[in-house]
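# Geometric and topological summary
For reference, the chains in residue letters:
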Amino acid sequence: MMQFIDLAQKFIGDTWDPAAYDRMRDAIATTDTKWYKYISGLFDDITPKQMKALAVNVGYEAGIRGYKQTRQMAEKYNCNVPWVILMDPTSACNLRCTGCWAAEYGHTLALTYEELESIVKQGRELGIHAYVMTGGEPMMRKKDIIRLAEEFQDCYFLFYTNGTLIDEEFCKEMVRVGNVSPNISIEGFEEANDSRRGKGTFDKIMHAMDLMKEYKCLFGASICYTSVNYKVVTSDEFLDMLIEKGCKMLWYFHYMPVGCGASTDLLLTPEEREYMIQRVRWIRGYHTGKPIMAIDFQNDGEYIHGCIAGGKYYLHINPNGDVEPCVFIHYSSANIKNQTLLEALQQPLFMEYRKNQPFNHNYLQPCPMLENPEKLRAMVKASGAKSTDMEAPEDVDALCDKCEDYAKKWAPVAEKQWEEKHFTRSDGKEEGSMQAVK
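Thresholds, definitions, all that
Residues numbered from 1 in each chain as written. Predicted model: local features only at pLDDT ≥ 70, side-chain atom pairs only at ≥ 80, totals over all residues. Heavy atoms only, no water. Core = buried A, V, L, I, M, F, W, Y, C linked by side-chain atoms within 4.5 Å. Buried < 20%, exposed > 50% of the residue type's maximum accessible area, 1.4 Å probe, protein only. Helix = DSSP H or I, 4+ residues; strand = E, 2+ residues; numbered from the N terminus. Contact = heavy atoms within 4.5 Å. Salt bridge = Lys/Arg side-chain N within 4 Å of Asp/Glu carboxyl O. Axes fitted to C-alpha atoms, helices over the stretch in contact; angles between N-to-C directions. Parallel < 35°, antiparallel > 145°, perpendicular 65-115°, else oblique. Arc of directions from axis to C-beta.

### Quick look at the nonpolar core
By size, the foremost hydrophobic cluster in this structure holds 130 residues, and its most contacted members are Phe157, Ile186, Leu242, Leu250, Tyr252 and Leu376. Tallying contributions element by element places helix H15 (residues 396-421) first for this core, with nine residues. When neighbours within four sequence positions are excluded, Phe157 is seen to be in contact with Val120, Tyr131, Met133, Leu148, Ala149, Phe152, Asn179, Val180 and Ser181.

In structure tokens form, the structure reads like this:
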């Protein structure tokens, strides 16, 4: 691990603050820390082939060499070039979950294996070695997931799944290829999951986790938090259950009111969002929290300079082939079935993203939809992008109207938090605690 950190610093250098490398070295060198025990646990609990793929494919190919190449390509082609591509192999699913954006697409759309293969081939030429699959339910295409992983052994394939189709045979396949790992969607305990996904779903999820732990497979959990479940999904009881099951990473996603008729009642109040910020940072704290890595897709915008969508660090390709800026923002004027990946990255909407990012000087307000709805309105209209929602096209004004009240209430709270952590020198450079964070 020390050698790997040295290699990272050599290749990507001042992309990170030097203090970040020292902090990683300190975490590994000090054997009584939570993070030393967590990393040691990875080597104990995960098969060697998967650990090698995590280090080589994610760490080096994607995170070091690939990241540097994507920055070079972005400069060469004067457009955003992402670090990771999120794509939906299919809209088909074995469940019909309440509130799932994929449920809007119906069950008849799919990217062929040749189209998935082409996306990865084109991505690798740009330096992209990390691929994430959603849906629908990607496990409806489990053989193609393994086939992609076999064909592209220098890439890593992560997928979000309801977990109910993970069986012993698939665990063996994950161990065999090494460069595949799932994140299982879970929003609480049995009652919360089964009321949304169907009776018996929670037990199937627990069984899948038990199988993956038995076969020493790397896996995480994907958690959509709302005004209803935010305390449950960050509770000690819930976290301890996931850790005991062998889960190594948590991906927290803020509820988004996407789709015609989507409820705004599930949006968090400013106080509830403040709680989430503090609680997730406590969970992954250097000395506090739990031995699990937790990432909050919305609130961690503070550490990655705001919104990462529109190809800045990632994009989304839906099962119809539409290349969208974000999994939550269904607008596009490019389709991977008849355009190259580079042409899709150069589409007008993505160029608007590139021109306007970051969308707020306060990275606790990163999103052009949720916290800055006026920005998404302007970009969609300026680019001429069309709604790619395949159930019922959603006008950008209708979508952004649902976020106006939330954005207005969150803004003063976010500003207060930002000002407490940052202050700006006369030359415009940040000082304060963010220096240490970076």
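### Examining the pattern of salt bridges
Where charged atoms from two side chains of opposite charge come close, those side chains can pair. Across all of its chains, the model carries 29 salt bridges by this definition. Here Glu173 makes a salt bridge to Arg176, at a shortest N to O gap of 2.9 Å. Here Glu173 and its partner Arg176 are both found in helix H7 (residues 168-177), three residues apart, which amounts to about one turn of the helix. Arg176 sits in the partly exposed class, given a relative accessible area of 38%. What emerges from the salt-bridge pattern is a single network uniting Arg377, Lys381, Asp397, Asp401 and Glu404.

### As for the packing of helix H4 (residues 48-77) against helix H5 (residues 113-126)
Relative orientation of the contacting elements H4 and H5 amounts to 85 degrees, with a least axis distance of 8 Å. With respect to H5, the element H4 is oriented roughly perpendicular. Listed contacts from H5 to Gln69, Thr70, Met73 and Tyr77 of H4 are Arg124, Glu125 and Leu126.

### A few points about helix H13 (residues 348-356)
All of the buried residues in H13 are Leu349, Phe350, Glu352 and Tyr353. Looking straight down H13, one finds that the buried residues subtend no more than 155 degrees of arc, so they occupy a single side. Elements that come into contact with the buried residues of H13 comprise strand S8 (314-317), strand S9 (323-324), strand S10 (331-332), helix H12 (341-345) and helix H14 (373-383).

### Some remarks on unusual backbone geometry
Glycine aside, negative phi is the norm for most residues, and most peptide bonds take the trans geometry. Cis geometry is found at the peptide bond from Gly135 to Gly136, where omega equals 20 degrees. Summarising the element assignment, Gly136 is placed in the loop between strand S2 (130-133) and helix H6 (142-151). Unlike most non-glycine residues, Asn78 shows phi in positive territory, near 55 degrees. In this model, His305 sits at a positive phi of 60 degrees, which is unusual for a non-glycine residue.

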